[in-house]
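A closer look at the structure
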Amino acid sequence: MSKRARALFLGLLSPAILLLVVGGASAEDAAWNLNMPRGVTEVSQAAYDIHMIMIWVCTVIGVLVFGFMFYIMFAHRKSRGVTAANFHENLTVEILWTIVPALILIVMAVPATTALLKVYDTENPDIDIKVTGYQWKWQYEYIGEGVKFMSELRTSQDEQYGRAPKGEHYLREVTQPLVIPANKKVRFLITGNDVIHSWWVPDFAVKRDAIPGLFTAAWAKTDQPGVYVGACTELCGKDHSRMPVVVEVKEEAEYDAWLAGKKEEAVIYQSTIGKEWTNQELLAKGEAVYAVSCAGCHQAAGEGIPGVFPALVGSSIVTGPVEGHIGILINGVAGSAMQSFADQLSEVDIAAVIHYKRNSWGNDMGDIVQPVDVLNYKQNQ
Amino acid sequence: MAHGPSENFFSRWLFSTNHKDIGTLYLWFSFAMFLLGGAFAMVIRAELFQPGMQLIKPEFFNQMTTMHGLVMVFGAIMPAFVGLANWMIPMMIGAPDMALPRMNNLSFWILPFAFAILVSTLFMEGGGPNFGWTFYAPLSTTYAPDTVNYFIFGVHIMGASSIMGSINIIATVMNMRAPGMTYMKMPLFVWTWVITAFLLVAVMPVLAGAVTMMLMDINFGTSFFDAAGGGDPVLFQHVFWFFGHPEVYIIILPAFGVVSQIIPTFSRKPLFGYSSMVYATASIAFLSFIVWAHHMFTVGMPIAGELYFMYATMLIAVPTGVKVFNWVTTMYKGALTFETPMLFSIAFVILFTFGGFTGMMLSIAAADTQYHDTYFVVAHFHYVMVAGAVFSGTAAVYYWLPKWCGRMYDETMGKLQFWIAFIAFNITFMPQHFLGLAGMPRRYSDYGLQFADWNMVSSIGAFMYGGAQLLFLYNVIRTIGWGKPISDPKVWEGAEGLEWTLPTPAPFHTFSTPPVVK
Ligand code: HEM
Ligand SMILES: [Cu+2]
């Protein structure tokens, strides 16, 4: 038995020892990796530190408790001819082993609280980026910069299904990474478009659920340019494992140049939607958009459901100034089912559906709403 | 009065109101579910053996992870302990049977239907549930396959079964204790089960509420969990975990009870700190109601909420520690032998404590930002649920099987199973800690090349662990059919308690006249 006991002891402890010996390597080269990356932000380092404190505390307790157990298993075996004692109560030790762990916990609560305060320190960012989870890709929007794009997996089906050799960055490569500057406090405002996703970058210790209808916030500030890979961590359907997060941290000047390039692209896009649309074109397009995005609540002929969803026929907003109507589509109505369509529909779609509503079911405004109007509205916000 | 079981096979098992027969039914059902859930796990580990999709499609992978979790939690572990309760509680408190024998029959017999419904969805159009055993909305509502309605129905039936089973246990323990069997004399297994039963009665209706709200959202146009309709997807998680956290203690408390019976027996020494064990169990049960949102540290709660749930969760370590210390002290200065039940119980104490350590790490919200929804969490809950609940269930079977059937199992085979299970378990789940820390999220059907090595190790361990269960099945069948007959009422030298005063094998009816406990 003693040999077994010793083998058991070593078998149990060896992983813990390994875990301690191997320090925090970067998440980059993680084969046979054992521990959490230390990461490159204040928050990730705080998370790492408290993680290591906990490992040490647990190791010490574990060595004491398991060590004592193994001693008992060795020394108090019947086969060694011992007779069992009969004690079964001792108030002092009971109190002791209630109080002492409680004290240890109180002590540990201090660094745990400080670390958490750092996680939540999302005030006063230099840059705000909106992150939206879609099935199965991410959208990044640089708030106030007019730059917005989708970031999708680039690994081919052939690689995934074994018809082609797997590349070095298998499942960790995207069409366009998120780019952020070094040495700036970047705040991520995270939300979901369909189901719940979760946006995780281990090297930043940023993990926040992307919940439809809600925003969660997280932040990162690092002085180390580089590429950091993360993942979606909330089950979101079949391609949950195929929507990696890739963040590229650039030096400030490089970042500025990159952003300027992106803005230019956006301007080119805007000029294509700047064309004049006719009444007929807008009505046809608007009807289709209405059926998909609006009719579920406001009903097919804009009659609404009394007390729940307002009617659009004769509505003061629909028949009021265009501005107000665009505004409600762009911003939604907080705390109600009326969501913001700013991201779900293009400027063309929004203009068309508004035009359709203003000129259907007896509403007869007779004016024309152009995509540029929507665009202007957005830009003036 | 002293009539035996019905001669007719069907009427004996279908219409049984005998606590022992119903206990047997529960145990066999749970073992069948254990093998089925295990088969799902083998599919998962086979697909994850290497990066890339080799065997199944991602959609089916998600169905496998979901069904594995549901079948193991609701089909394998919970019924196993209800089976043990049925067999042992009347024998331990000196009662002739359960208080409500007909309801006992019903609560078992609706279970196979629940699982038939649940499992049949795998063969339906759209496939089975694919949203994880925690079935977060809106993935499980707006975006779910149509078969989700069967899933909801199945969950309702399981809930009804659990509630009936619990009421029965509560009624039995409150009303049918032998004269002199005061509450503070009850064996710990009975105590842990009564507390568990109260937990079940309290939280199963909450689960039923959650799935009913889902049903309404899906079919009747409500928006409990749909932000677009003014609802809140996070509400689902609060409701689910208000059930879900007590649920994890529902799983582990009876296991605590089993181990508290076995360790004294093979230490030949009474349980140390009986009353503190009772109080610790009760405080764990109480705390389990007020910590649920530690599963939601990343949903963006206000910091005050996050801090509260962190502190409350850390507190659980205190009564849990008390239990561990009491077990160890029970062994201290005993005269230990290491029969199979004892081996599983000692492994339970060690590995469960290990799972408690990772639990403490997870309770630190800032660190949990890194751990949450990775393989680290998967490793944590398999340490507490497999090495905890399943090991203790296995220990219980080896411990009481000789009493039940009057035949001794083969000790060598039992130990062989233990060592394979113990080693394989650690090969499977220890590396999952590393995978999680290195950044591999859970419920992933495919992964980057940096995770390939540990995943392969984990899969190999899983296949070994699966093999050990076939050995378990073989050992049990061999014991029942061909084991060495025994007739010593005590079976184990150090066994104490009313159940060991009964003849071996335990007759069909026991304690028809109540014993008197001094
Ligand atoms: C010292 C005691 C324990 C503590 C402090 C603890 C803490 C935690 C925490 C904080 C989480 C959430 C991790 C995350 O999702 O990020 C968690 C997950 C979990 N724990 Fe524990 N735990 C303890 C014991 C147990 C026990 C006894 C069981 C069951 C037998 C258990 C079963 C689970 C399960 C099933 C999950 C994952 C649920 C899921 O997301 O699927 N835990 N635990
Ligand atoms: Cu919990």
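Scroll up for the structure.
Predicted model, so just to flag it, every value in this text is computed and none were measured.

**A few points about the pairing of strand S9 (residues 226-232) of chain A**
All names here are of chain A. With 5 of 7 residues buried, S9 is to be regarded as a mostly interior element. Across 2 bridges, strand S6 (residues 197-201) lies against S9 in antiparallel orientation. Considered in S9, the bridge of Trp-199 is made with Cys-232. Where S9 meets strand S10 (residues 245-250), 5 bridges bridge the pair, whose relative direction is antiparallel. Bridge pairing links Gly-226 to Val-249 in S10.

**Some remarks on the sheet that holds strand S1 (residues 127-134) of chain A**
All names here are of chain A. Pairing is mixed in the open sheet, where 5 strands are placed in the order S3-S2-S1-S5-S8. Only two strands of the sheet have a single neighbouring strand rather than two, namely strand S3 (147-151) and strand S8 (216-220). Pairwise comparison of adjacent strand axes, ignoring direction, gives a mean angle of 25 degrees for this sheet. In this structure, strand S2 (residues 137-142) lies alongside S3, joined through 5 bridges in antiparallel fashion. Note that in S3 the partner of Tyr-142 across the bridge is Val-147.

**Some details on the side chain of B:Asn86**
Locating B:Asn86 in the fold gives a position in helix H3 (residues 58-93). If sequence neighbours within four positions are ignored, B:Asn86 has contacts with B:His19, B:Ile22, B:Gly23, B:Tyr26, B:Met98 and B:Asn104.

**Overview of helix H9 (residues 303-331) of chain B**
Residue and element names in this part refer to chain B. Helix length check: H9, at 29 residues, gives a terminal C-alpha distance of 43 Å against a target of 42 Å (1.5 Å per residue), a fit within 8%. The element H9 is extensively covered by neighbouring structure, given that 22 of its 29 residues are classed as buried. The positive-phi residue at the C-terminal boundary of H9 is Lys-333, with phi of around 60 degrees.

**Some points on the coordination of the iron atom of ligand 1**
Residue and element names in this part refer to chain B. Just one protein atom coordinates the iron atom of ligand 1, and that atom is His-380 (NE2), at 2.2 Å. Taken as a pair, the iron atom of ligand 1 and the copper ion (ligand 2) show a spacing of 4.6 Å. When you line up the elements, His-380 lands in helix H12 (residues 375-405).

**Points about the state of the cysteines**
On inspection of all chains with the given rule, the structure shows 0 disulfides over all chains. A:Cys236 takes part in no disulfide bond, and the closest cysteine sulfur, belonging to A:Cys232, lies 3.9 Å away.

**Thoughts on the sheet that holds S9(A)**
Two pairing modes exist for strands in a sheet, parallel and antiparallel, and in both the strands are linked by backbone hydrogen bonds. All names here are of chain A. The sheet built from 5 strands is open, its strands ordered S4-S10-S9-S6-S7 with mixed pairing. At either end of the open sheet lies a strand with only one pairing partner, and these are strand S4 (178-181) and strand S7 (206-210). Each adjacent strand pair in this sheet contributes to an overall mean axis angle of 25 degrees, direction not counted.

**A closer look at a nonpolar patch on the surface**
Together, A:Leu91, A:Ile95, A:Ile99, A:Leu103 and A:Ile106 make up a nonpolar patch on the protein surface, roughly 510 Å² of accessible area in all. Note on placement: A:Leu103 falls in helix H3 (residues 91-119).

**A few points about the site of ligand 1**
All names here are of chain B. Taken together, 23 residues form the shell around ligand 1, and within it Trp-133, Asp-368, His-372, His-380 and Arg-442 come nearest. Broken down by secondary-structure element, the contributors of at least two residues to the shell around ligand 1 are helix H7 (233-267), helix H10 (340-363) and H12. Per-element tally for the shell around ligand 1: the top contributor is H10, with 6 residues. Of the residues belonging to the shell around ligand 1, the class tally is 12 nonpolar, 9 polar and 2 charged.

Rules and cut-offs
Residues numbered from 1 in each chain as written. Chains lettered and ligands numbered in written order. Predicted model: local features only at pLDDT ≥ 70, side-chain atom pairs only at ≥ 80, totals over all residues. Heavy atoms only, no water. Buried < 20%, exposed > 50% of the residue type's maximum accessible area, 1.4 Å probe, protein only. Helix = DSSP H or I, 4+ residues; strand = E, 2+ residues; numbered from the N terminus. Pairing = 2+ DSSP bridges. Axes fitted to C-alpha atoms, helices over the stretch in contact; angles between N-to-C directions. Contact = heavy atoms within 4.5 Å. Expected span 1.5 Å × (residues − 1). Donors = N, O, S within 2.8 Å, 3.2 Å for Na, K, Ca; no water. Disulfide = S-S within 2.5 Å. Patch = residues over 30% accessible without salt bridge, like charges linked within 9 Å, V, L, I, M, F, W, Y side chains within 5 Å. Areas by Shrake-Rupley, 256 points an atom, 1.4 Å probe, with all protein chains shown as cover. Salt bridge = Lys/Arg side-chain N within 4 Å of Asp/Glu carboxyl O. Near = heavy atom within 4 Å. Nonpolar A, V, L, I, M, F, W, Y, C, P; charged D, E, K, R; others polar.

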